[in-house]
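What the coordinates show
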Amino acid sequence: MASTAKGIDPIISAAWGKPQSWTLDSYKKRGGYEGLKKALEMQPAAIIDEVKKSNLRGRGGAGFPTGLKWSFVPKDSPKPKYLAVNGDESEPGTFKDRYILEDDPHMMLEGIAIASYALGVHTCYVYLRGEFKFPAERCQAAIDEAYKAGIFGKKLMGKDFELNCYLVRGAGAYICGEETALLESLEGKKGWPRLKPPFPAVVGLFGSPTVVNNVETLASVPHVFTGGSDWYAKLGTDKSGGTRLVCLSGTVNRPGVYEVSMFTTLAELIYDDKYGRGMPAGRKVKAVIPGGSSAPVLGADELDVAMEFEALKVKQTMAGSGGVIVMDDSTCMVRSLWRVARFYAEESCGQCTPCREGTPWQTRLLRKIEEGRGEPGDIDMLSNVASSIAPYPPIGLGNTICALGDAAALPTHSFLMRFKDEFEAHIREKRCPFGDKPWGSFGDWS
Amino acid sequence: MAEPLFTPEEQKKFDAGIAEIISHYPSDRKSAGMLPALRLLQEIKGWLPPEGLRLVAKHLEVTPERAYEVASFYVMYHLKKPGKYVVDVCTNLSCSLWGAEKMLAYLEEKLGLKAGEANEKFTLRETECLASCGTAPCLQINEDHHESLTRAKLDAILAKLS
């Protein structure tokens, strides 16, 4: 499933699809836990410096530098410190972490061990989304193997350092992927995000310093130590080290998870034979969401952009969680946005008024327009509602406690910016111009 | 006299499970075990009966209201007894681009239920992204994942459900 280009060998996905790749035995034969051995010979501060030098950035969505995040944890805190793994992969278009959990969970566990040793963490909680039954089974089996092999437990690979690792499954709430909501959920509460500051690195789980890292981020950590931070940094751009997993879905011939260079462009991902293998016969790209459903949509003339944090930021969108959703020229943009808007309305936790009231309002307006009941003022109303949740641009300065408000408003702003004519056509013609076939080339399920 | 919540075998499973869950948290933070404890109860009973919620709350040293608050926040907990098979169909964007809406309509017709309805055998629900966008369309039946679905594949899956 995964492949590479531009001379990059797969790192994270190298063993996917190979027999027994998820077992400790297989992982060790591939050099597994050698990175941890190296790290255990270093001082914790030196480990954090090495991760900083590698330019590894968080793979969960925000792209924050990992080493810097680790360095925010106070060293002299009398409270216990915690590591929480964010495996609540729920952003539409994103499905990479499940492959790590299913095919190579020890890679993440090794990252957990390195991070915990560097941070002085003795308890780690791996929080997986509730629907991940099979990934949870694979991950738990790997944790059990790690305990039996003396990797976890009283002695961390023989070192006088206790590390316990527990798996917790959520119960179906996208908001729990937001780091403070995840901590609330881990504390046994409903997933209501917390105000920041204080940030979790200082006041996190049970009021203690806590680092929250994504599954792919932690799976990347061992490679910083086996290959060295210089090697890892050079794989990427000046500000983003390593490779990255991208999830390709929607109307392309070969959807899937691909490990790519930071220099790979969206156009290459869609058309290259190594990846998406182009569009269905006779169809063209109309729109692409480059980083999970919350990332502002791009038009067909904007695909010559590297799928890397900084490059996509220049285009006023984001690399986000790596979820690339392609829509062909027979897809209705109003219906697509309506479906995305429904997601955010469904998943809003209800804590902040702009999000609680605004997300269903967006959904109602979009339904009205799609069903041919739209009125001339509806587009302005939709834009105003979205602006009340989060103005655009810039990204990340919404009117809500957490970024779910931004995530709900950004698609609306960007769809209206790039495809306003389609919204107007719905209102003018008092119907969906795509009739009963609004879903593109593969919409006719058989 | 009210019927006991658990059979002796279920009671044994619950007691062992709740002790294991509580051991994963600091001794003054038992309440953190709420999600795993509710999952345990649901695994045993198939849903979360009110007396079960009260029992979980007692073990975690919180009020029953707190247990209900959490249980009602998350969509995977059943506060009413569901059908034998809970069918969760993803209709999010990537799945709909591969025909999920038509798949849901087919299921509604085949099961004789609208999304959101239930009978003794099936609960049919339209659900949000199941992280299977590259192998769309997909659904889960009692948390078992099925992907790259065609009509024939779906028919074969349903035929195996007794």
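In this text, all values refer to a predicted model and were calculated from it rather than measured experimentally.

Thresholds applied
- Residues numbered from 1 in each chain as written.
- Chains lettered and ligands numbered in written order.
- Predicted model: local features only at pLDDT ≥ 70, side-chain atom pairs only at ≥ 80, totals over all residues.
- Heavy atoms only, no water.
- Helix = DSSP H or I, 4+ residues; strand = E, 2+ residues; numbered from the N terminus.
- Buried < 20%, exposed > 50% of the residue type's maximum accessible area, 1.4 Å probe, protein only.
- Pairing = 2+ DSSP bridges.
- UniProt positions renumbered as here; feature names shortened; annotations may be inferred.
- Contact = heavy atoms within 4.5 Å.
- Buried area = accessible area lost by both parts, 1.4 Å probe.
- Salt bridge = Lys/Arg side-chain N within 4 Å of Asp/Glu carboxyl O.
- Polar contact = N/O pair within 3.5 Å; in protein donor to acceptor, adjacent residues only side chain to side chain.

If you trace the backbone, Asp378 of chain A turns up in helix H15 (residues 378-389). Taking relative accessible area as the criterion, Asp378 of chain A reaches 7% and is therefore assigned buried.

A separate point is the pairing of strand S6 (residues 256-260) of chain A. Residue and element names in this part refer to chain A. Taken across its 5 residues, S6 has 5 buried, putting it largely inside the fold. By the bridge criterion, 5 bridges tie strand S5 (residues 244-250) to S6 in an arrangement that is antiparallel. Within the sheet, the bridge partner assigned to Leu248 lies in S6 and is Gly256. Between the end of S5 and the start of S6, which pair antiparallel, lie 5 residues.

Attention now moves to the UniProt feature "binding site: [2Fe-2S] cluster" (unreviewed entry) in chain B. Listed under "binding site: [2Fe-2S] cluster" (unreviewed entry) in the UniProt record, and renumbered for this structure, are Cys90, Cys95, Cys129 and Cys133 of chain B. The named residues occupy 44 residues along the chain; their greatest pairwise C-alpha distance, 9.4 Å, places them in one compact cluster. By the secondary structure assignment, Cys90 of chain B is in strand S1 (residues 85-90). If we ignore the near neighbours within four places in the chain, the residues touching Cys90 of chain B are Cys95, Ala100, Thr127, Glu128, Cys129, Leu130 and Cys138 of chain B. Within the element layout of this structure, Cys129 of chain B appears in the loop between strand S2 (122-127) and strand S3 (139-141). By relative accessible area, which is 3% here, Cys129 of chain B ends up buried. With residues near it in sequence (within four places) discarded, Cys129 of chain B still touches Ser90, Glu91, Pro92, Gly93 and Arg129 of chain A together with Cys90 and Asn92 of chain B.

Here the focus is the interface of chain A and chain B. How big an interface is tends to be stated in terms of the accessible area lost upon association of its parts. Counting residues at the interface gives 62 residues for chain A, matched by 49 residues for chain B. With both sides pooled, the region where chain A packs onto chain B buries about 4,500 Å², and carbon together with sulfur makes up 56% of that total. Contact with chain B buries area across many residues of chain A, yet Ala171, Arg339 and Trp445 of chain A alone supply 19% of it, more than any other trio. At the junction of chain A with chain B, the criterion picks out 7 salt bridges. Asp444 of chain A is the salt-bridge partner of Lys102 of chain B, the closest N and O atoms lying 2.5 Å from each other. Our enumeration of links across chain A and chain B arrives at 27 residue pairs in polar contact (both at pLDDT 80 or more). At the level of elements, strand S2 (123-128), strand S3 (164-169), helix H8 (179-186), S5, strand S9 (323-328) and helix H13 (333-347) of chain A are the ones that each hand at least two residues to the side of chain A that touches chain B.

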